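Structural description and commentary
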Amino acid sequence: MPKNTISLYHISAECYPVAKVGGLADVVGALPHYQNALGHQAKVVVPAYDVRFFKENEFNVVHSGKLKLGWFEFQYTVWKENTNKLGFELFCIAIPELFDRPNVYSYEDDTERFLAFQIAFLNWLIETNQKPDVIHCHDHHTGLIPFMVQNCYNYERLNNTPTVLTIHNAQYQGWFGFDKIHYLPHFHSSRLGFLEWNGMINPLASAIKCVWKITTVSPSYLEEISYNANGLEHLLQFERPKSVGILNGIDNHVWNPATDTYIHQNYNEHSFQEGKQINKQLLCKQFNLNPELPLFTFIGRLVGEKGADLLPQICSLALTEHHQKLNILILGSGDTGVEQQLEAIKPYFQGHYNAYIGYNEQLSHQIYAGADFLLMPSRVEPCGLNQLYALRYGTLPIVRRIGGLKDTIVDIGDNGIGICHDQASVFDVTYSIDRALQLMQTPDKVTHTIAKMMQIDHSWEVAAAEYCTLYQSLIQ
C-alpha cells in the first residue's frame, strides 16, 4: 500500500443501491467510490437485509462468528460482494434473526438489531486481526462504535483507531433505556457517562462525546444544530472545536442526463430544450397532465421535516388561484394522513395534478428530467441532494433557505439559479410558485439560467478530498 493511502471503513444502515430510505444511502453509496478514485481504500459495511440487491448479486462468505447481546447469542456472517461493481469493496453482515427482513427501519427491536450489527462489525475486525486507519460512522445506527472502541475490553486493540461521525440528521438519535445496558460488551462502570444523555442511553450523543471528529453534511447545518438538535444543542456547542461542515456532493455517474438510462431522452447543457420537452411530454402523458403548462414537482419523503404536510393546501391553492394554468406532480411516501390528503384532491384537479404514492427510483429520474420546478419547503434539510439533482437536470429548485439548501441555492433575484423563501409555510411556497410562473414569461432568462445551473459541478470529488484531508490529520 502506498505510504499516503488511507484504509477506512464506512459503516452505515443504508447504502445505495443496496438499501435506501433517504439521502444517507446516496452519500454512503458515492463517497467511498470517489475516495478510492483518489487512491485510498474505502470500504462499506451494511447489514444484510432481505432485499433484491443481496439476492441478485454474487457474494462470498469471508467470515463467520458469534456475538453476545446480553444473555442472547447470535451467529453472524460477513459477506463480500464479488465484483466491486460499486467502485468499492462492499461487505454485508448477516444476522438471520435480526436482519432477514425487507425493511431497513421501523421494527420494535431496532435497538437490538443495530447494536448487534455494530458488535458484529467490531468482532469481525478483532477476529480477523484488522486495524483500519479510520472508522467512519454514519448517524446514530452506528453511533456506539466510538464508545465501544475506546472503552470495551474486547476491543482494546482498536483503542487508538481514529473514529469519525457524520451527522446526516440530528433529530434521530436512537435512544433506549438503561434496562438494556447489559447488551453492550463489558466496560468499566466509570465510563457510563459517555453513554448517557437526559437519563437515557443516547447513541448519537455518545458518538458526539467519544468520536475524534464530527462532520455535518453542510456548513449551514453545522450552525443550525447548535440551536436545533432535538436536545443535543449544548453538547454540540461544547464539542464544536472538533466539528466541521463538509457539503455533500452527488454521484455524477448516476445523475447525468446525458447518459441516464432511466430517462426517455438524454440531453446535456446544450440540448436541454429539446431533451427536457420530450421527457416532459412523455411524463405528462403518463400522469394525464398538460405538457404545454409549467410542471412543478415534489420528490421525497412525505413527512413534516420535508414540509410535506403543507403540500395538499399548497397544491389546492396554487391550482385554484392560477385557474389551473400549471401542473403539479408529487412522488413520495410517508405520513399516511398526508398520503390520503394528496390522493383526495385528485378528482378536483384532473388533468393538472397527480400523485404517485410510493418509492420509484426510475420515476424520480424521469421527473427530474421532465419537470420545470422542484419544490423543497423543508423544515429541516441538513444538506439536501434533491436540489443538486434538479440543477444537474435543468429543473429550477424552489427552496426554503435552510441547511444545505441555503449553501447551494442562491435566489434568481440575486443572480442565482433558484427561487428561495424564508419560511416553511403555505404562503411562502405559493408566493414562490407565483414568482416561478412570472419567470416563465421571460423564456430567454429561463434558458440562460438552466444552461448556467447545469454546468455547476456538485460532484463528490471536492468533498471526498476534504474528508481524506481530515482523515490524514487524525492519523498523523
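Data block above holds the structure.
Description of the structure in this document. Just so it is clear, the structure is predicted and the values come from calculations on it, not from any experiment. (Residues numbered from 1 in each chain as written. Predicted model: local features only at pLDDT ≥ 70, side-chain atom pairs only at ≥ 80, totals over all residues. Heavy atoms only, no water.)

1. Description of the overall build of the protein
For the protein, the count of helices and strands is 17 helices and 17 strands. Over its C-alpha atoms the protein spans a radius of gyration of 23 Å, differing by no more than 12% from the 23 Å that the globule rule assigns to 476 residues. Along the three orthogonal principal directions, the C-alpha set of the protein runs to about 70 × 45 × 40 Å. Of all 476 residues assigned to the protein, the portion counted as buried reaches 61%. Of the contacts formed within the protein by residues at least 6 apart in sequence, a portion of 71% connects residues at least 24 apart. Across the protein, the 34 positively charged side chains and the 48 negatively charged ones have centroids separated by 3 Å. (Helix = DSSP H or I, 4+ residues; strand = E, 2+ residues; numbered from the N terminus. Rg over C-alpha atoms; globule rule 2.2 N^0.38 Å. Buried < 20%, exposed > 50% of the residue type's maximum accessible area, 1.4 Å probe, protein only. Contact = heavy atoms within 4.5 Å. Lys, Arg positive; Asp, Glu negative; His and termini not counted. Charge placed at Lys NZ, Arg CZ, Asp CG, Glu CD.)

2. Here's the deal with the packing of aromatic side chains
Both the distance between ring centres and the angle between the ring planes are used here to describe each pair of aromatic rings. Applying the stated criterion across every chain, the model contains 21 aromatic pairs. Geometrically, the ring pair formed by phenylalanine 99 and phenylalanine 114 is edge-to-face, given 5.7 Å between the ring centres and 70° between the ring planes. Here phenylalanine 99 is found in helix H3 (residues 96-99), whereas its partner phenylalanine 114 is found in helix H4 (residues 110-127), with 15 residues between them in sequence. Summarising the burial analysis for this pair, phenylalanine 99 and phenylalanine 114 share the class buried. Consider the rings of tyrosine 368 and tyrosine 389, whose centres lie 5.8 Å apart with planes at 75°: the pair is edge-to-face. On the criterion of sequence distance, the pair formed by tyrosine 368 in helix H12 (residues 361-370) and tyrosine 389 in helix H13 (residues 386-392) is long-range, its members being 21 residues apart. (Phe/Tyr/Trp six-rings, centres within 6.5 Å; stacked < 30°, edge-to-face > 60°.)

3. Quick notes on the state of the cysteines
Under the criterion given, the structure shown has zero disulfides. Cysteine 152 forms no disulfide, and the closest cysteine sulfur to it belongs to cysteine 210, at a distance of 9.9 Å. (Disulfide = S-S within 2.5 Å.)

4. A few points about the environment of leucine 437
Following the sequence through the fold, leucine 437 ends up in helix H15 (residues 426-439). On the basis of relative accessibility, which here comes to 13%, the residue leucine 437 falls in the buried class. Between the C-alpha atoms of leucine 437 and asparagine 327, which are 110 residues apart in sequence, the distance is 11 Å.

5. Concerning the sheet that holds strand E3 (residues 59-69)
The strand order E3-E4-E5-E2-E1-E6-E7-E10-E11 describes an open sheet built from nine strands, whose pairing is mixed. Only two strands of the sheet have a single neighbouring strand rather than two, namely E3 and strand E11 (243-245). Ignoring strand direction, the axes of neighbouring strands in this sheet form an average angle of 25°. Across three bridges, strand E10 (residues 213-216) lies against E11 in parallel orientation. Bridging from a neighbouring strand, isoleucine 214 pairs with serine 243 of E11. (Pairing = 2+ DSSP bridges. Axes fitted to C-alpha atoms, helices over the stretch in contact; angles between N-to-C directions.)

6. Here we look at the environment of glycine 275
Considering the arrangement of structural elements, one finds glycine 275 in helix H9 (residues 272-287). As a C-alpha pair, glycine 275 and phenylalanine 99 span 176 residues in sequence and 43 Å in three-dimensional space. Look past the residues within four positions of glycine 275 in its chain and what remains in contact with it is Gln265 and Tyr267.

7. Considering the sheet that holds strand E13 (residues 327-334)
Within a sheet, neighbouring strands are paired by backbone hydrogen bonds and run either parallel or antiparallel to one another. The sheet built from six strands is open, its strands ordered E14-E13-E12-E15-E16-E17 with parallel pairing. In this open sheet, the two strands that pair with only one neighbour each are strand E14 (353-357) and strand E17 (419-421). In this sheet, adjacent strand axes meet at a mean angle of 15° when their direction is disregarded. For strand E12 (residues 295-302) and strand E15 (residues 373-376), the ladder comprises two bridges, and the chain directions are parallel. Counted as the bridge partner of threonine 297 is leucine 374 from E15. Each of E12, E13, E14 and E15 touches H12; the most contacted strand, E12, lies at about 150° to it. Its contacts with the sheet place H15 against E12, E15, strand E16 (396-400) and E17, and it is angled at close to 160° to E17.

Worth remembering: the numbers are spatial, not functional.
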